[in-house]
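Okay, here's what each chain looks like letter by letter:
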Amino acid sequence: MKITDAKVFVGGPGKNYVTLKIMTDQGVFGLGDATLNNRETLPAKYLTDYLIPNLIGLDPRKSEDIWQVFYRGAYFRRGPVAMAAIGAVDMALWDIKARLANMPLYQLLGGKSRDGALVYAHAAGADLEDLIGSVAACVAQGYKAVRVQCGVPGMPTASYATPDTKGGTAPFITDFSGIRPKTEIWDTERYMRFMPGALAEIRDRFGPELKILHDVHHRLLPREAAAFAREVEPVGLFWLEDPTPAEDQDALKLIRQHSTTPIAIGEVFNSIWECNKLIEHELIDFIRVAVTYAGGITHVRRIVELAALHHVRTGFHGAPSHSPISMAAQAHLNIWAPNFGIQEYLVLGTPECDALFPSDHYVAKGMQYVSDTPGLGVAFDEAEAGRYEYQPGSHPIVRLEDGTLWNY
Ligand code: CS2
Ligand code: MG
C-alpha cells in the first residue's frame, strides 16, 4: 500500500483552518489538521515543501516510523510550525489506519473507557453581572463545567477573552484587520484585587456542583501566581490555567508549595520535553496539549501515558482555532484515556463549519459523544473548501501601562 498524493487547504468560515488530505493507491484517504492560530501559512508551507514530497510512495500504515523520520530526520527538532505539520500527517495516517480496520479510532487506542467525555464551555463578561448572565446561559444549555473570564474594573482595556462592552460576546482571539497586532493593557494589581472575589461570587451564585475553571493566560509572575492560587482555594476551582508562563518548568514548584488549587498547563507546548518535568514532579494536575501542534496522536498519546503515571489528567486545548478534525482526534483520545479529565469545547457547529467538515460526533448536556464512523469520523467537503481563502489575522499583544511588553 502506498501514499500517492496529498493536498493542503487553508481557509474556512471565520478561521484559517489548515487541512491536509493524504491519498493512497487503495482509494482510502486520511485527514489531518495543521491549524496554527495566526501563523497558518507556515505549517501549510512545511507540509507542501518538505513533508508531502517525502510522503509520496511510503506505506501509510507505518505511522510510527514516518513520525520518527519527520521528527528526528529534520535535525532541528520541535517548534510549533514543524510539530503542527507533523501532527497533521500523523492524524491523517491514523485516520487511514482506522478506516482500513473499519473501526473508529478509539478502538485502535484501546476502546472506550467511558460513554461520554466531560467538556467545558466558555463564559465571559465585561463585568461581574454580565459574566453571571453568560454563566447562566451555559448552565441552561446543560454544561456542567464553565471557564469564566471577567473584565476587571479600572483595567485600561478589556483583558484576555473578555468583551469590551456589556452584553458583548467574548471575542475570538484573531483580529482579521491585518497581521499587525493590536495592544491590550494589563495591570496585575487590579486583577489580583478583583478576580478572587469575582470567582467567589460565581461560586455563591451557582452552588457547589458547577465546575468552575479560570484562565490566567500567563499573566502572573510565579510568586503572584502562588498567592492567587492560595487565595482562591475556598472557591474550589476545577482548575486554574496558565497561572504563569511555564517555559521555566521549575517555577511551578512555588505554586505547589503554597496552594492545592489544581493547575492546568500546556496549550502552547509542542512536545513532551516541555512538560516532562511538570508531569514527573507532579507540579500540574491537567495537561493541556493539543494533537494539532504537539505532533499528532502518536506524540500526544505518549504524553498522556506519561501523565497517567503521575496522576495528571488530560484537559486538551480546544479553542476555536482547532478544526473539527483535530477536535475529533482528541475526542477519540478522550473516550479512551484512562486519565481523561475534561475537554475544552467551543461550539464549532455553525452551519458553514458543519458543511465543510460533516461529522456525527456531538455534544449534549456538557458531554461529548464519539460516533462509530470508521477513522476519525470527520469528512471534508472540497467543493465547500473552494468558497474560502486565507485571511491574514493577528493575536493582540499585551503591555503594561508604562509600555513594558507583557505576556499575552
Ligand atoms: C485560550 C486560547 O482556550 C484557551 O484556553 O488560552 O483561546 C488561546 O488564547 C488561543 O488558542 C491562542 O491562539
Ligand atoms: Mg488557555
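So, on to the overall build of the chain. Secondary structure assignment for the chain yields 13 helices and 16 strands. Its C-alpha atoms put the chain at 60 × 45 × 45 Å along the principal axes. Residues classed as buried in the chain amount to 58% of the 408 residues present. Counting only contacts in the chain whose residues sit at least 6 apart along the sequence, the fraction spanning at least 24 positions is 74%. Looking at the chain as shown, the accessible area adds up to about 16500 Å², and 52% of this sits on carbon and sulfur atoms. Taking the 38 positively charged and 48 negatively charged side chains of the chain as two groups, their mean positions are separated by 3 Å.

Around ligand 1, the surrounding shell holds 15 residues, and the nearest of these are Asn-37, His-217, Glu-267, Glu-344 and His-395. At a separation of 2.7 Å, an oxygen atom of ligand 1 approaches a polar side-chain atom of His-217. Within the side chain of His-395, an N or O atom sits 2.6 Å from an oxygen atom of ligand 1. The protein chains hide 92% of the 340 Å² of surface that ligand 1 would expose on its own. Its residues assigned to classes, the shell around ligand 1 comprises three nonpolar, six polar and six charged.

The subject of this paragraph is empty space enclosed by the protein. Unoccupied space between atoms shows up once a probe the size of one water molecule is rolled over them. Under the criterion given, the structure shown has one cavity of 30 Å³ or more. Looking at the largest cavity, its volume works out to about 70 Å³. Lining the largest cavity are 13 residues, and of these Gln-149, Ser-159, Tyr-160, Trp-186 and Tyr-191 lie nearest its centre. Within the residue set of the lining of the largest cavity, elements represented by two or more residues are strand S5 (145-150), helix H6 (188-206) and strand S7 (211-215).

It is worth spelling out the domain arrangement of the chain at this point. Domain boundaries assigned for the chain yield domain 1 (3-104) and domain 2 (109-406). For domain 1 versus domain 2, the distance between C-alpha centres works out to 25 Å. Between domain 1 and domain 2, the contact holds 42 residues from the first and 47 residues from the second. Each partner contributes to the roughly 3600 Å² buried at the junction of domain 1 and domain 2, and carbon and sulfur atoms together form 60% of this total.

Below, the discussion takes up the sheet that holds strand S1 (residues 3-10). As summarised here, the arrangement of the three strands in space is S1-S2-S3, forming an open sheet in which the pairing is antiparallel. Every interior strand has two partners, whereas the edge strands, S1 and strand S3 (29-33), have only one. Mean inter-strand twist for the sheet, computed between neighbouring axes without regard to direction, equals 20°. Here helix H3 (residues 80-101) sits on the sheet in contact with S1, strand S2 (18-24) and S3, set at roughly 145° to S3.

Burial of strand S4 (residues 117-125) is extensive: eight of the nine residues sit out of reach of the surface. Relative to strand S12 (residues 340-344), S4 is paired through two bridges, and the arrangement is parallel. Bridging across to S12, Tyr-120 finds its partner in Glu-344. As paired strands, S4 and S5 are joined by five bridges and run parallel to one another. Across the sheet, the residue bridging to Gly-125 is Cys-150, located in S5. The handedness of the S4 to S5 crossover, carried by helix H5 (residues 128-140), is right-handed.

Turning our eyes to something else, we now look at the environment of Thr-260. Tracing the backbone through its elements, the reader meets Thr-260 in the loop between helix H8 (252-258) and strand S9 (263-265). On the basis of relative accessibility, which here comes to 66%, the residue Thr-260 falls in the exposed class. For the pair formed by Thr-260 and Asp-285, sequence separation is 25 residues and the distance between their alpha carbons is 10.0 Å.

Now for the coordination of the magnesium ion (ligand 2). Here the magnesium ion (ligand 2) is held by the protein donor atoms Asp-215 (OD), Glu-241 (OE) and Glu-267 (OE), which lie 2.0 to 2.2 Å from it. Mapping the donors of the magnesium ion (ligand 2) onto the primary sequence yields the spacing D-x25-E-x25-E. Of the two residues, Glu-241 is situated in strand S8 (residues 239-241) and Glu-267 in the loop between S9 and helix H9 (276-280); the sequence distance between them amounts to 26 residues. You can call Glu-241 buried: its relative accessible area is 0%. Judged by relative accessible area, which is 9%, Glu-267 ranks as buried.

What follows concerns the pattern of salt bridges. Scanning the model with the defined rule gives 21 salt bridges in all. Across the pair Arg-302 and Glu-64 runs a salt bridge whose closest N-O atoms are separated by 3.0 Å. Here Arg-302, found in helix H10 (residues 296-308), pairs with Glu-64, found in helix H2 (residues 63-72); they are 238 residues apart in sequence, far enough to count as distant. For Arg-387, the salt bridge identified is with Glu-384, shortest N-O distance 3.1 Å.

What follows is about the side chain of His-322. Secondary-structure assignment places His-322 in the loop between strand S11 (313-316) and helix H11 (324-336). Under the relative-accessibility criterion, His-322 is labelled buried at 0%. Within polar-contact distance, the side chain of His-322 engages the side chain of His-317 at 2.9 Å.

About the criteria used
- Residues numbered from 1 in each chain as written.
- Chains lettered and ligands numbered in written order.
- Predicted model: local features only at pLDDT ≥ 70, side-chain atom pairs only at ≥ 80, totals over all residues.
- Heavy atoms only, no water.
- Helix = DSSP H or I, 4+ residues; strand = E, 2+ residues; numbered from the N terminus.
- Buried < 20%, exposed > 50% of the residue type's maximum accessible area, 1.4 Å probe, protein only.
- Contact = heavy atoms within 4.5 Å.
- Areas by Shrake-Rupley, 256 points an atom, 1.4 Å probe, with all protein chains shown as cover.
- Lys, Arg positive; Asp, Glu negative; His and termini not counted.
- Charge placed at Lys NZ, Arg CZ, Asp CG, Glu CD.
- Near = heavy atom within 4 Å.
- Polar contact = N/O pair within 3.5 Å; in protein donor to acceptor, adjacent residues only side chain to side chain.
- Nonpolar A, V, L, I, M, F, W, Y, C, P; charged D, E, K, R; others polar.
- 1 Å grid on protein atoms, 1.4 Å probe; cavity = no way out; pocket = protein on both sides within 12 Å on 5 of 7 lines; lining within 4 Å.
- Points joined across faces, edges and corners; volume = space filled by probe spheres on them.
- Domains from an automatic or database assignment.
- Buried area = accessible area lost by both parts, 1.4 Å probe.
- Pairing = 2+ DSSP bridges.
- Axes fitted to C-alpha atoms, helices over the stretch in contact; angles between N-to-C directions.
- Right-handed = clockwise from strand over helix to strand, strands pointing away.
- Donors = N, O, S within 2.8 Å, 3.2 Å for Na, K, Ca; no water.
- Salt bridge = Lys/Arg side-chain N within 4 Å of Asp/Glu carboxyl O.

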